Amino acid sequence: MPWFRSLFGAALLAGACTTASDTPADPLTLDFGKGDNASWRALNDGVMGGRSIGVVDYSRKTMTWAGTVSLENNGGFSSVRSEWGTRDLSAFESVTLRCRTTTGEPDTFTLTMETARQWWLPYWKANFEAAAEWQEVTLPFSELKKSSAMTGDLPKLWAWGALDDIERIGLMKYDGTAGDFGLEVDWMRFNSGSDLRN
């Protein structure tokens, strides 16, 4: 769907914002609802005329992102993104999210990690399924895929953009389906090999 890739790419560009932060210390845990981790914001297809809705809300402990994806008017996605800020994730082997859906049904989402602020350059992604009950979902970095807003998924031989220079982390609802969605996230933790064994 070339029109959708162009739409998604332009939305990434429109969502570009401000100041880079210092690289977090190892181990890295993003504890939502606290400090800088309460600054993630929604980025939806409305920037290009789409009609999807996504809203972010914070409690003292969690981030809830919910809305409705619409395929009308060349739409089709909602997302929530961190602020821009370089992170070195090269020492880690996976990421774990403690999360649940808010719709009462399991649903599929996408984790994104952007390696550049130019919307047309490739980014890392991994799909995952969240359940209606709280659970920890672990995504091995070995299963990450490279994708581009212009071309879609890229072959494994594409090596541009290492994990030592991640500019922005996000979550997307982007699977070609329309309807309500909701995801509540307690925390996101980046794991080394020893973290997984302990």
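Preceding block: the structure.
Criteria and thresholds
Residues numbered from 1 in each chain as written. Predicted model: local features only at pLDDT ≥ 70, side-chain atom pairs only at ≥ 80, totals over all residues. Heavy atoms only, no water. Helix = DSSP H or I, 4+ residues; strand = E, 2+ residues; numbered from the N terminus. Buried < 20%, exposed > 50% of the residue type's maximum accessible area, 1.4 Å probe, protein only. Contact = heavy atoms within 4.5 Å. Areas by Shrake-Rupley, 256 points an atom, 1.4 Å probe, with all protein chains shown as cover. Polar contact = N/O pair within 3.5 Å; in protein donor to acceptor, adjacent residues only side chain to side chain. Pairing = 2+ DSSP bridges. Salt bridge = Lys/Arg side-chain N within 4 Å of Asp/Glu carboxyl O. Phe/Tyr/Trp six-rings, centres within 6.5 Å; stacked < 30°, edge-to-face > 60°. Core = buried A, V, L, I, M, F, W, Y, C linked by side-chain atoms within 4.5 Å.

Attention now moves to the overall build of the protein chain. Per the secondary structure count, the protein chain includes 2 helices and 13 strands. By residue count, 46% of the 198 residues in the protein chain fall in the buried class. In the protein chain, of all internal contacts separated by at least 6 residues, the share reaching a separation of at least 24 is 77%. Carbon and sulfur atoms make up 50% of the accessible area of the protein chain, which totals about 9500 Å².

Next up on the list: the side chain of D186. With respect to the helices and strands, the residue D186 is situated in strand β13 (residues 179-191). At a separation of 2.8 Å, a polar atom in the side chain of D186 contacts the side chain of R98. Excluding residues within four positions of it along the chain, D186 makes contact with L30, D31, F32, K61, T62, R98 and W134.

Of all 6 residues in strand β12 (residues 168-173), 6 are buried; the element is thus mostly enclosed. Where burial is concerned, the two faces of β12 agree: the one with R168, G170 and M172 and the one with I169, L171 and K173 are both buried. Across 4 bridges, the pairing between strand β5 (residues 78-81) and β12 is antiparallel. Bridging from a neighbouring strand, V80 pairs with L171 of β12.

A word on the pattern of salt bridges. For the structure shown, the criterion picks out 9 salt bridges. Two residues, K34 and D31, come together in a salt bridge whose shortest N-O distance is 3.2 Å. Taken together, the salt bridges that share partners define one network made up of R81, E114 and R168.

On to unusual backbone geometry. In the Ramachandran plot, N73 falls in the positive-phi region, its phi being about 55° despite a non-glycine side chain. By the element assignment, N73 lies in the loop between β4 (63-69) and β5. The partly exposed category is assigned to N73, whose relative accessible area is 45%. One non-glycine residue, N74, adopts positive backbone phi at about 65°.

In the structure shown here, the tally under the stated rule is 7 aromatic pairs. Aromatic side chains F32 and W40 sit 5.0 Å apart centroid to centroid with 85° between the ring planes, which places their arrangement in the edge-to-face category. Here F32 falls in the buried class, since its relative accessible area comes to 0%. Pairing W65 with F109 gives two aromatic rings, centres 5.7 Å apart and planes at 55°, and the pair type is tilted. Linking W65 in strand β4 with F109 in strand β7 (residues 107-114), this pair joins segments that are 44 residues apart in sequence.

Below, the discussion takes up the environment of V137. Mapped onto the secondary structure, V137 falls in strand β9 (residues 135-140). Its relative accessible area of 11% is what places V137 among the buried residues. Linking V137 and V95, residues 42 residues apart in sequence, is a C-alpha distance of 8.2 Å. Not counting the four nearest positions on each side in its chain, V137 is found in contact with V95, T96, L97, C99, F128 and E129.

Take the nonpolar core next. M113, F128, L171, M188 and F190 are the most contacted members of the largest nonpolar core, which totals 33 residues. If you list the elements that add at least two residues to this core, you get β1 (28-31), β4, β6 (94-101), β7, β8 (123-130), β9, β12 and β13. If one sorts the elements of this core by residue count, β13 sits on top with 5 residues.

Position of D57 among the secondary structure elements: in strand β3 (residues 53-58). Once the C-alpha coordinates of D57 and A38 are considered, the two residues, 19 residues apart in sequence, prove to be 8.8 Å apart. Setting aside residues up to four positions removed in sequence, D57 forms contacts with T62, M63 and T64.

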